[in-house]
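Survey of secondary and tertiary structure
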Amino acid sequence: MSTFFKKIKLELCKLKLANKIITDRSIEIHKKKIDKIEKSFSKKLKFYSPIDFKHLYKKHYNSCHIWGSGYSADFTKNFIKDRDEFFHIGFGFSCLLEIKYNFYLIENASDKNWKLIQSQNKALKKFLDINKTVLVFKNLWQKKNDPNVAYENYKNDAFFIRDLIIPHYNMSDFAINNTVDKLLINDPNYFREACSSVVTSIIFAKFLGFKEIVLHGIDLSSNYFFDKTYYKENHSDCIPPHIKNIYDKDWRSNKNKHPTANCLEVLLPKLRDKLKIDYNIDLLSASKKSGSSKYLNTFFNN
């Protein structure tokens, strides 16, 4: 799409009805894109939906804990990592926290970022028990990924999932509410997502049936726990390299805010309210040490 038409689309999305129509159209286009990739790999690869993992939910789990890579995760892991009554979802490089994950999402595979794949593979091999953790690959359709590289690297270990972007074209109340409403549709066929893997994880936890969802390391800042001295000294080969727009050095040095933070600051309060009012689900931040506690009640008191 040309810059001219993109500008027109963004202007139209300032109108309620146009926003809804354009969002719905974008979702249908995205479904066709997923279908195209799936057909191209149909002879050698199966794609999975949320319903394929419904069996992971067990009644003895008290809550679902979702692990990002913010500084605070390195603190809250000490209170929770060995407790069997919790279901754990991780993504990115949060495997370095040594949590016993039930479900884990990765999303990077391209020759252009080969050093990142090497770090990712070393981290997964060192810290993830593939026999006890469901490993999934998401965002296969994104430009940053090469489907063939993803297939060759993860065909034996990961489930490739159908993940569906629910867009928002501005930060107005009606645009965000429309996005949140569509995210929360009970969809057995697609992993609905927006902004970040944390949103994908929240929606999946809701689908599984959890009534309490706790976010760890979703700090809405730019500091990663794995850039601490301990991890650099002990696990340097498992830490992602500085890569522009993925693990950007400016984000990691705190020069610039991570771009997903602006989106999450708007989405999280809306998700919190909708989940509680419509589904009686509590969305919590793990600790007051996390920036997400500005918008969410906390699981721990400290």
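Below you will find a few notes about this structure. What you are looking at is a predicted structure, and each value in this text was computed from that prediction instead of being measured.

1. Here we look at the pairing of strand β9 (residues 212-216)
Of all five residues in β9, four are buried; the element is thus mostly enclosed. Across four bridges, the pairing between strand β2 (residues 63-67) and β9 is parallel. The partner of Cys64 across the bridge, within β9, is Ile213. Relative to strand β10 (residues 282-285), β9 runs parallel, the two being bridged by four bridges. Opposite Glu212, over in β10, you have Asp282 as the bridge partner.

2. Let's talk about the state of the cysteines
A full pass over the atoms with the stated rule returns one disulfide. The residue that forms a disulfide with Cys195 is Cys263, at a sulfur-sulfur distance of 1.4 Å. On the criterion of sequence distance, the pair formed by Cys195 in the loop between β8 (191-193) and α7 (197-208) and Cys263 in helix α10 (residues 259-279) is long-range, its members being 68 residues apart. Under the relative-accessibility criterion, Cys195 is labelled partly exposed at 27%. Unpaired in this structure, Cys95 has its nearest cysteine sulfur neighbour in Cys238, at a distance of 7.4 Å. Residue class for Cys95 comes out buried when judged on its relative accessible area of 1%. The class of Cys238 is buried, set by a relative accessible area of 0%.

Here is what the cut-offs are and how they apply
Residues numbered from 1 in each chain as written. Predicted model: local features only at pLDDT ≥ 70, side-chain atom pairs only at ≥ 80, totals over all residues. Heavy atoms only, no water. Buried < 20%, exposed > 50% of the residue type's maximum accessible area, 1.4 Å probe, protein only. Helix = DSSP H or I, 4+ residues; strand = E, 2+ residues; numbered from the N terminus. Pairing = 2+ DSSP bridges. Disulfide = S-S within 2.5 Å.

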